[in-house]
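Working through the structure, step by step
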Amino acid sequence: MGITRDQNVNIPAKSWKITGKVNASSFLQSYKKDAIKCMYYCKPVMQEALLWYSTWWGPFILLILCYISNIIFLFFEYLSQDNKSLAMSKACSMVSTMWSSYISFWHGQTFTGLENIPKTGGAVIVWYHGPMPVDYFGLIAEVFKRDGRIINTVVDKCLLRVPGLGRVRKYLRCGAFSKVECAGLLGDGELVGLAPGGSREALFDDSYSVCWRQRVGFAKIAAFTQSPIIPVFTENIRLSYCTMLSAGAVWRTIFEVTRLPIVPIYGGFPVQVTTHIGSPIMAREGETLMQLQERVKMAMTDLIRTHQRPDVDIKTGLGQRLGKLMLGIENNK
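Cut-off values and rules
Residues numbered from 1 in each chain as written. Predicted model: local features only at pLDDT ≥ 70, side-chain atom pairs only at ≥ 80, totals over all residues. Heavy atoms only, no water. Helix = DSSP H or I, 4+ residues; strand = E, 2+ residues; numbered from the N terminus. Buried < 20%, exposed > 50% of the residue type's maximum accessible area, 1.4 Å probe, protein only. Contact = heavy atoms within 4.5 Å. Core = buried A, V, L, I, M, F, W, Y, C linked by side-chain atoms within 4.5 Å. Pairing = 2+ DSSP bridges. Axes fitted to C-alpha atoms, helices over the stretch in contact; angles between N-to-C directions. Patch = residues over 30% accessible without salt bridge, like charges linked within 9 Å, V, L, I, M, F, W, Y side chains within 5 Å. Areas by Shrake-Rupley, 256 points an atom, 1.4 Å probe, with all protein chains shown as cover. Salt bridge = Lys/Arg side-chain N within 4 Å of Asp/Glu carboxyl O. Parallel < 35°, antiparallel > 145°, perpendicular 65-115°, else oblique. Left-handed = near helix turned anticlockwise from the far one by under 90°. Nonpolar A, V, L, I, M, F, W, Y, C, P; charged D, E, K, R; others polar.

**Quick notes on the environment of Q291**
Its place among the elements puts Q291 in helix α11 (residues 289-307). The class for Q291 is partly exposed, based on a relative accessible area of 44%. Separated by 72 residues in sequence, Q291 and A219 place their C-alpha atoms 9.2 Å apart.

**Focus on helix α8 (residues 217-225)**
Three- or four-residue spacings in an α-helix give side chains the same orientation, since the helix completes a turn every 3.6 residues. Within the span of α8, buried status applies to F218, A219, I221 and A222. If you follow the buried residues of α8, they end up packed against β2 (123-127), α6 (179-187), β5 (191-194), β6 (229-235) and α11.

**Let's talk about the nonpolar core**
Ranked by internal contacts, the top residues of the largest apolar core, which has 60 residues, are F73, W99, V124, V126, F218, I229 and M300. At nine residues, helix α3 (residues 84-107) tops the list of elements feeding residues into this core. Formed by 15 residues, the second largest nonpolar core is a distinct cluster that contains L139, V143, I230 and V232.

**What to know about the sheet that holds β6**
Strand order in the open sheet made by the seven strands is β1-β9-β6-β2-β5-β3-β4, with mixed pairing throughout. Two strands bound the open sheet, and with one partner strand each, they are β1 (110-112) and β4 (174-175). Where strand β3 (residues 151-154) meets β4, two bridges bridge the pair, whose relative direction is parallel. What sits directly across from V154, in β4, is G175. Across the sheet, α11 is in contact with β2, β6 and β9 (274-277); its angle to β6 comes to roughly 25°.

**Some words on a nonpolar patch on the surface**
Together, W52, Y53, W56, W57, F60 and L63 give the surface a local cluster of nonpolar side chains, amounting to about 670 Å² of exposed area. Going through the elements one at a time, α1 (5-55) and α2 (58-79) are the ones with two or more residues in the nonpolar patch. Here W56 lies in the loop between α1 and α2. In this structure W56 comes out as partly exposed when scored by relative accessible area, which is 41%.

**Here we look at the packing of α6 against α8**
One can describe the packing of α6 onto α8 by two numbers: an axis separation of 10 Å at closest approach and a directional angle of 40°. In terms of axis orientation, α6 runs oblique to α8. Every pair of crossing elements has a handedness; the one defined by α6 and α8 is right-handed. From α6, K179, C182, A183 and L186 reach across to α8, where they touch G217, K220, I221, F224 and T225. Partitioning the contact of α6 with α8 into residue classes produces five nonpolar, two polar and two charged.

**Quick look at the pattern of salt bridges**
Counted by the stated rule, this structure contains nine salt bridges. Of the charged contacts in the structure, one is a salt bridge between R167 and E77, with a shortest N-O distance of 2.8 Å. Taken as a pair, R167 in helix α5 (residues 166-171) and E77 in helix α2 lie far apart in primary sequence, 90 residues in all. The class for R167 is partly exposed, based on a relative accessible area of 30%. Taking the relative accessible area as the measure of exposure, E77 reaches 18% and is therefore buried. Here R309 ties to D311 by a salt bridge, and the two come within 3.0 Å at their closest N and O atoms.

**Topic: the pairing of β2**
The element β2 is extensively covered by neighbouring structure, given that five of its five residues are classed as buried. Residues of β2 alternate between two faces, with A123, I125 and W127 on one and V124 and V126 on the opposite face, all of them buried. In this structure, β2 lies alongside β5, joined through four bridges in parallel fashion. Paired with V126 across the strands is L194, a residue of β5. Where β2 meets β6, four bridges bridge the pair, whose relative direction is parallel. Each bridged residue has a counterpart across the sheet, and for W127 the counterpart in β6 is V232.

This is the structure in structure tokens:
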């Protein structure tokens, strides 16, 4: 039987329709797989962006408290016509009460090993630097309430440029102190607090590493003045406030070029924080500065391994805090 002209025309048309359906189906399946992969890899970024959008204002609460502290100091300065030292002591007491009340209420901060910080004499307090130093503010307030002593704090030079906080820096003794100045303070029996990890540790350490590199300045002043070094670590500090991990390489490049802490920070989550204060470490005879740094670094690492659970996230931390609050309410009944 011969094939007609109409049949010759219809065969390729049917073949094209079938082939087109197969190609469209394959394309849709491939597109679906690619979309699922994209969603899988973008999900953490989207979640973090949502968290930042919801809580970007959290870190500014600490800045507001700093400005309130500055106003309190200015007010007491204005009133202190006769006895300025007594008036400023009262101002420090009011500021420390404000800070400790806020941190205790919102973060439930507690302390272990506070007796390791001496009530008299000099000491170097070496602390792990979280994204926001809310825990260190709490430590300053606690030490002042206990002993009436102010911890002289070494800060980054860029923080000295923040306007409107001159009285806070003056009366809470915050400055970019040199090694000579720190040694002089220790020789006078003062407490000196510093974070060897600095801004890099605060902004780019997401795994509680001890990012000190070759920094031995604290070891040098401690060995020179024969002052004890006291390591301090706060449990869950990187859950209460967080730095943006997405596009981390971009933020790191900006920081290394400008030396400015231009990294998005979010949080203010009411996670329970516990500040652990380690045993004092003294320099040994014949010990090099790097060896002393390594001993202090090992003590800090031990504090982190002992007290910081690696499997705890923000959700778990909030659950733990809520559980403790509920337990406290039950016990008070």
